[in-house]
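Below are the chains, spelled out letter by letter.
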Amino acid sequence: MDATTVTAAGPDAGSARAERDLLLQRTLFSGPRRWVNDDLYSRIVRGVVRRTRGELHLDAGAIVDTNTYFGRFEASYWQRWTSVTELTVRVSIETGGQVDVLVRASDIGSHVRTVDVVHHHGDGMAVLHVPVDTFVDGGAMWLEFHAVDAAVSVSEVTWGATTTIPARRAAVAICTFNRADDCAATVESLASDPLVAELIDDLYVTDQGTDLVETREPFRRAAGEFGDRLHYLRQPNLGGAGGFSRGMFEATAPGAPGPVDVLLMDDDVRVEPETVLRLFAFAAVTREPMLVGAQMLYLFNPDYLLVSAERTRLDQLKGGLDADEFALRDESVVDGRQERRIDAEYNAWWSCLIPGEAVAEVGLPLPYFFQWDDIEYGLRCRQAGIPTCTLQGAAVWHADFYWKDGDDFGQFFSHRNSLVTAAIRHGIEPKDMAKNLGRSVLRALVAMQYGLAATRMRGIEAFLDGPDGALGMGDGGQAALAAVRVERAGYPETARLDVGALPAGIGVERKVGIPREDREDQVLAKRLLVQKLGRQRRGVVAIPYEDAAWWHVSLFDEVYVTDASQTGVHHRKVDPARASELQKRLVALLARFIREAPAAQERWRRAQTRLTTRENWARLYGV
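Residues numbered from 1 in each chain as written. Predicted model: local features only at pLDDT ≥ 70, side-chain atom pairs only at ≥ 80, totals over all residues. Heavy atoms only, no water.

1. Some thoughts on the nonpolar core
In terms of nonpolar packing, the biggest core is built from 90 residues, with Leu58, Val91, Met141, Val187, Leu190 and Leu203 touching the most fellow members. Looking at which element gives the most residues to this core, the answer is helix H6 (residues 273–284), with eight residues. Residues within four places of Leu203 in sequence aside, it is in contact with Val172, Ile174, Val187, Leu190, Phe226, Arg229, Leu230 and His231. Counting 58 residues, the second-largest nonpolar core is a separate cluster that includes Val446, Met473, Ala549 and Phe556. (Core = buried A, V, L, I, M, F, W, Y, C linked by side-chain atoms within 4.5 Å. Buried < 20%, exposed > 50% of the residue type's maximum accessible area, 1.4 Å probe, protein only. Helix = DSSP H or I, 4+ residues; strand = E, 2+ residues; numbered from the N terminus. Contact = heavy atoms within 4.5 Å.)

As structure tokens, then:
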């Protein structure tokens, strides 16, 4: 299988062949960068071994397997969602003796079996043929190499299949706002792997900032590699929703060649180029068009997986939940394996492939600006019969979420957009939802996060005001962003202070115990009463970010809380007048919500089609 002709949509993608070879994935033995743990790719079982990105060198007697995160072929996902029923595994070998090459497999219970084995002598190509037929609920396949009696070099390891499905155009869409260095590095990473660079037919980089990506030398080098396949677009700041939608808008334009798959990718991820190949290959052979997402590995803890697949609870405005109780979350994927197939409701847009058919069927994303755009779109596609697969063994590294502070302008968009999503995709029961919203605001109030409480209430008000309100979606979110930032500036505890602001000799207060979930409302009521009566503990204290739960912070009347970024602190202090003002505003707002939520829900539902059209987005882009 020639590497120049087996890409998911390679040089001869336009040719009409009844049958074509398709490269599904490569076996690589080490990461794209030195800080990546090579054990994510291959595992030395015995002996002396040297691993490089594309080659494996074993001394006589050594054993290596690829039962690893990136080394496995995730057979369960391929059997469930694609037309692939048989694989051809090819391994290039140099040796003066014998090497045994085994295809091993697991099941949902982590039991291991041998699927095929080749006893190879001398230099040449070992070829193994394996079925993909017994993995519906879980399990994967991987390779095992035994250098029996001499040193062995292994390279050019591929997993391929034959298909009659026509090739699809492969597009990548990246959006950025003043992360020029990060974005340039991401684009350069895509160009760094010749096979992956050749796979990409169009690369759309939408720059919405003032510190321009095109000024960076790594971007210029990558632009030279991609040539006229790279499309650098400038537009107003419309947030992630506007930036990603622009790539989808361009790739699916009337008259553009198709069918097309559009891979959305954050500007600040660290790319594993192999992930790009695997996503496009998977999408090329799904039985029906579907969204195919990559997983997220932590950037600061690169062995750790965020979550296997995600779902929502729209009645509670919650996203990012485990799709299955057996799903891995915040765990090392060097030490752990996800054998069970986990089906997702949606995939976040740090890296998610959207088929052009989805855009034709359900339209473009809603102009949310920020937060919940990926969730809403995934749910909309799912309800239209277009599912999502979060593919194991395909991942990018992204800044760890727990390093991001939740007290920022994004809380406005999170509250407004989650309410819109719930209204359109699920339906809102006003009284029950009002309780959830009240709880969210009151927890911020007792924690002395007055700006956060105000930001959340502004999001609720924007939902009730509807899509054409002052903080609606008529301009793609720019007015809302500006207004929320101005409002938050009036709350001093929202400002991040230098660590030098901590008073000398200040004591640290760690949280002790966690309230039972069924008693949290009782604890909240008690904290509110204690605060109203002024009976909190007196004196300033420091609280680490990990201990800054509302029910702990609210025990004190003045605190310095570490920012999640670990670069500074926030100074919170009880302000009875401000707390009273915000509580009165909340009471009035919740009464309004109960009255007006049904009508607001209908306005958002009626507006959905208008907001997701090409015409509306073209207006926002100014094209």
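2. Comments concerning the packing of aromatic side chains
Applying the stated criterion across every chain, the model contains 23 aromatic pairs. Between Phe249 and Tyr621, the ring centres sit 5.2 Å apart and the planes meet at 75°, which makes this aromatic pair edge-to-face. Here Phe249 is found in helix H5 (residues 239–251), whereas its partner Tyr621 is found in helix H16 (residues 614–621), with 372 residues between them in sequence. Counting every residue linked through ring pairs, the aromatic cluster contains Trp35, Tyr41, Tyr69, Phe70 and Trp397. The lysine or arginine in question, Arg80, covers the ring of Trp81, its NZ or CZ lying 3.8 Å from the ring centre. Directly above the aromatic system of Tyr621 lies the positively charged group of Arg246, at a separation of 4.9 Å from the ring centroid. (Phe/Tyr/Trp six-rings, centres within 6.5 Å; stacked < 30°, edge-to-face > 60°. Lys NZ or Arg CZ within 6 Å of the ring centre and 35° of its normal.)

3. Let's talk about the sheet that holds strand E8 (residues 112–121)
Spatial ordering of the open sheet is given by E2-E5-E10-E7-E8, a layout of five strands whose pairing is antiparallel. Among the strands making up the open sheet, the edge pair consists of strand E2 (43–46) and E8. Strand-to-strand twist across the sheet, computed as the mean angle between neighbouring axes with direction ignored, equals 20°. In terms of strand pairing, E2 meets strand E5 (residues 63–65) through three bridges, oriented antiparallel. By the bridge assignment, Arg43 is partnered in E5 with Asp65. (Pairing = 2+ DSSP bridges. Axes fitted to C-alpha atoms, helices over the stretch in contact; angles between N-to-C directions.)

4. Let's talk about H5
Relative to the 18 Å expected for 13 residues at 1.5 Å per residue, H5 spans 19 Å between its end C-alpha atoms, a close match to the ideal helical length. In terms of burial, H5 is largely enclosed, as eleven of its 13 residues are buried. Along H5, the residues classified as buried are Gly239, Ala241, Gly242, Gly243, Phe244, Ser245, Arg246, Gly247, Met248, Phe249 and Ala251. (Expected span 1.5 Å × (residues − 1).)

5. Details of a nonpolar patch on the surface
A cluster of nonpolar side chains, namely Phe300, Tyr402 and Trp403, defines an oily patch on the protein surface of about 320 Å² accessible area. In this fold, Tyr402 is placed in the loop between strand E22 (388–398) and helix H9 (410–425). Judged by relative accessible area, Tyr402 falls into the partly exposed class, the value being 42%. (Patch = residues over 30% accessible without salt bridge, like charges linked within 9 Å, V, L, I, M, F, W, Y side chains within 5 Å. Areas by Shrake-Rupley, 256 points an atom, 1.4 Å probe, with all protein chains shown as cover. Salt bridge = Lys/Arg side-chain N within 4 Å of Asp/Glu carboxyl O.)

6. Regarding the pattern of salt bridges
Here the structure, examined in full by the defined rule, presents 42 salt bridges. Taking the shortest distance from any N to any O, the salt bridge between Glu274 and Arg26 comes out at 2.7 Å. Of this pair, Glu274 sits in helix H6 while Arg26 sits in strand E1 (residues 20–27), and the two are 248 residues apart along the sequence. With respect to class, Glu274 is no different from Arg26; both count as buried. Of the charged contacts, one joins Arg72 and Glu339 as a salt bridge, the two residues approaching to 2.9 Å between their closest N and O atoms. Taken together, the positions of Arg72 in the loop between E5 and helix H1 (75–81) and Glu339 in the loop between strand E20 (329–332) and strand E21 (351–355) put the pair 267 residues apart, joining distant regions of the chain. With respect to class, Arg72 is no different from Glu339; both count as buried.

7. Let's talk about the confidence of the model for the protein chain
Mean pLDDT for the protein chain: 95, with 97% of residues reaching 70 or above. Confidence over residues 1–15 falls short of pLDDT 50; this stretch has 29 contacts with residues more than four positions distant or in other chains. (pLDDT = per-residue confidence, 0-100.)

8. Description of unusual backbone geometry
The step from Gly258 to Pro259 runs through a cis peptide bond, and the omega angle for that step is 0°. In this fold, Pro259 is placed in the loop between H5 and strand E15 (260–266). A positive phi angle is found at Leu317, which is not glycine, with a value near 55°. Looking at where Leu317 falls in the secondary structure, it is placed in the loop between strand E18 (310–313) and strand E19 (318–322). Taking the relative accessible area as the measure of exposure, Leu317 reaches 17% and is therefore buried. Of note in this structure, Gln371 is not a glycine but carries a positive phi near 80°.

9. A short note on the sheet that holds strand E24 (residues 558–562)
Taken together, three strands build an open sheet; the order of strands is E23-E24-E25 and the sheet is mixed. Across the chains shown, the open sheet's two edge strands, defined by having one partner strand only, are strand E23 (541–543) and strand E25 (569–573). Here the strands of the sheet are splayed against their neighbours by 25° on average, with no regard to which way each runs. Alignment of E24 against E25, held across five bridges, turns out to be antiparallel. Each residue of the ladder has a partner; that of Glu558, found in E25, is Lys573.

10. What about the packing of helix H11 (residues 450–465) against helix H12 (residues 478–488)?
Between two packed helices, the angle of one axis relative to the other and the distance separating the axes together describe the packing. Axis separation between H11 and H12 bottoms out at 10 Å; the angle between their running directions is 155°. Judged on the interaxial angle alone, H12 and H11 are roughly antiparallel. With respect to the hand of their crossing, H11 and H12 are arranged in right-handed fashion. The residues of H12 that touch H11, namely those facing Gly451, Leu452, Ala454, Thr455 and Arg458, are Val484, Glu487 and Arg488. (Parallel < 35°, antiparallel > 145°, perpendicular 65-115°, else oblique. Left-handed = near helix turned anticlockwise from the far one by under 90°.)

11. Some words on a negative patch on the surface
A contiguous patch of negative charge, built from Glu55, Glu94, Asp123 and Glu156, is present on the exposed surface. Turning to its location among the elements, Glu156 is positioned in strand E11 (residues 152–163). (Lys, Arg positive; Asp, Glu negative; His and termini not counted. Charge placed at Lys NZ, Arg CZ, Asp CG, Glu CD.)

12. Focus on H6
End to end, H6 covers 17 Å across twelve residues, agreeing with the expected 16 Å (1.5 Å per residue, within 8%). Within H6, twelve of the twelve residues are buried, which leaves it mostly tucked inside the rest of the structure. Among all positions of H6, only Pro273, Glu274, Thr275, Val276, Leu277, Arg278, Leu279, Phe280, Ala281, Phe282, Ala283 and Ala284 are buried. At the N-terminal boundary of H6, the capping side chain belongs to Glu272, with an oxygen 2.9 Å from the backbone nitrogen of Glu274. (Polar contact = N/O pair within 3.5 Å; in protein donor to acceptor, adjacent residues only side chain to side chain.)

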